[in-house]
Amino acid sequence: MEGKAAVRAKVLIADPDRPKRYRLAHSVPSLREAILGALCWGFAMALSAWLALWLRENDATFHLKSVLGLYAWGGIVAWPLSLFAARCLSQNRPAETRFSAFFLCLAAGTIGTTAFLFALDYRTFYAQWHAMTGTRTWLFQFAFTSLAAFYQFLVLGVRLYLPLGAVALVATSLLLARSDARQRR
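Quick caveat: nothing in here was measured; it's all calculated off a predicted structure. (Residues numbered from 1 in each chain as written. Predicted model: local features only at pLDDT ≥ 70, side-chain atom pairs only at ≥ 80, totals over all residues. Heavy atoms only, no water.)

## A look at the overall build of the protein
Phase 1: Within the protein, the regular secondary structure consists of seven helices and zero strands.
Phase 2: For the protein, the succession of helices and strands along the chain, N to C, is α-α-α-α-α-α-α.
Phase 3: Residues counted as buried form 34% of the 185 residues belonging to the protein.
Phase 4: For the protein, long-range pairs separated by at least 24 residues make up 79% of all intrachain contacts whose partners lie at least 6 apart in sequence.
Phase 5: Looking at the protein as shown, the accessible area adds up to about 12,000 Å², and 69% of this sits on carbon and sulfur atoms. (Helix = DSSP H or I, 4+ residues; strand = E, 2+ residues; numbered from the N terminus. Buried < 20%, exposed > 50% of the residue type's maximum accessible area, 1.4 Å probe, protein only. Contact = heavy atoms within 4.5 Å. Areas by Shrake-Rupley, 256 points an atom, 1.4 Å probe, with all protein chains shown as cover.)

## Things to note about the nonpolar core
Within soluble globular proteins, side chains that are nonpolar tend to cluster in buried spots.
Phase 1: In terms of nonpolar packing, the biggest core is built from 29 residues, with Trp41, Tyr71 and Trp79 touching the most fellow members.
Phase 2: At the level of elements, α3 (31–55), α4 (64–90), α5 (95–126), α6 (136–157) and α7 (164–184) are the ones that each hand at least two residues to this core.
Phase 3: Broken down by element, the residue count for this core peaks at eight residues, all from α5.
Phase 4: Look past the residues within four positions of tryptophan 41 in its chain and what remains in contact with it is Gly75, Trp79, Leu106, Thr110, Ala168, Leu169 and Thr172. (Core = buried A, V, L, I, M, F, W, Y, C linked by side-chain atoms within 4.5 Å.)

## A word on the side chain of serine 27
Phase 1: Of note, serine 27 is situated in the loop between α2 (20–25) and α3.
Phase 2: A relative accessible area of 0% places serine 27 in the buried class.
Phase 3: For serine 27, the side chain forms a polar contact with the main-chain nitrogen of cysteine 88, separated by 3.4 Å.
Phase 4: If sequence neighbours within four positions are ignored, serine 27 has contacts with Leu83, Phe84, Arg87, Cys88 and Gln91. (Polar contact = N/O pair within 3.5 Å; in protein donor to acceptor, adjacent residues only side chain to side chain.)

## So, unusual backbone geometry
Phase 1: In this structure, the amide linkage connecting leucine 162 to the following residue, proline 163, adopts the cis form with an omega of 0 degrees.
Phase 2: Its location among the elements puts proline 163 in the loop between α6 and α7.
Phase 3: Located in the positive-phi region is asparagine 92, a residue other than glycine, with phi close to 60 degrees.
Phase 4: Assignment of secondary structure puts asparagine 92 in the loop between α4 and α5.

## As for the side chain of threonine 114
Phase 1: Mapped onto the elements of the fold, threonine 114 is located in helix α5.
Phase 2: One polar contact links threonine 114 to tyrosine 161, side chain to side chain, over a distance of 2.9 Å.

## Considering the packing of aromatic side chains
Phase 1: In total, this model carries 13 aromatic pairs according to the counting rule given.
Phase 2: The interplanar angle of 25 degrees and the centroid separation of 5.3 Å between the aromatic rings of tryptophan 138 and phenylalanine 142 together place this pair among those described as stacked. Of this pair, tryptophan 138 and phenylalanine 142 both sit in helix α6, four residues apart, which is roughly one turn of that helix.
Phase 3: In this structure tryptophan 138 comes out as buried when scored by relative accessible area, which is 18%.
Phase 4: By way of ring pairs, the aromatic residues Tyr71, Phe118, Tyr122, Phe125, Tyr126, Trp129, Phe153 and Tyr161 are connected into one cluster. (Phe/Tyr/Trp six-rings, centres within 6.5 Å; stacked < 30°, edge-to-face > 60°.)

Written as structure tokens, this is what we have:
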């Protein structure tokens, strides 16, 4: 008879004969999970931004709805992408690895997606002073304006995820790591 540790080791090791499409197919979140999770995650990110502004006594700003909308849409768009990526990375792995994958993918996905949406808005504003579309000058202006927007978001925008966003990230990662283990067995 094999011990529990030997059986657990066999379960956790990915089958090398299993095709990659199997791994990808089992990583796709269900429609219900994607929609409900995205709405909850987007709400949590908007709430995090509002709380951070409120704690800094900046919640009465003129652009509060725009800021909260940006963070909400960043969370909504990031959720299904991050969930898929984390499940791809953590399939048939121990709970600690699943937690790390969910934590990393949700953090990077949410920040990256929100920064991308910010860069699109930033680029739209500055487009009126840029050269004609398709020229070499326009390409440089587009690239450097987008990079400047990403940098500006990383410097100024990421702090709006603290303190509530960090708590939501840890709690959600724990919940997903535990529930993913039950669903996959």
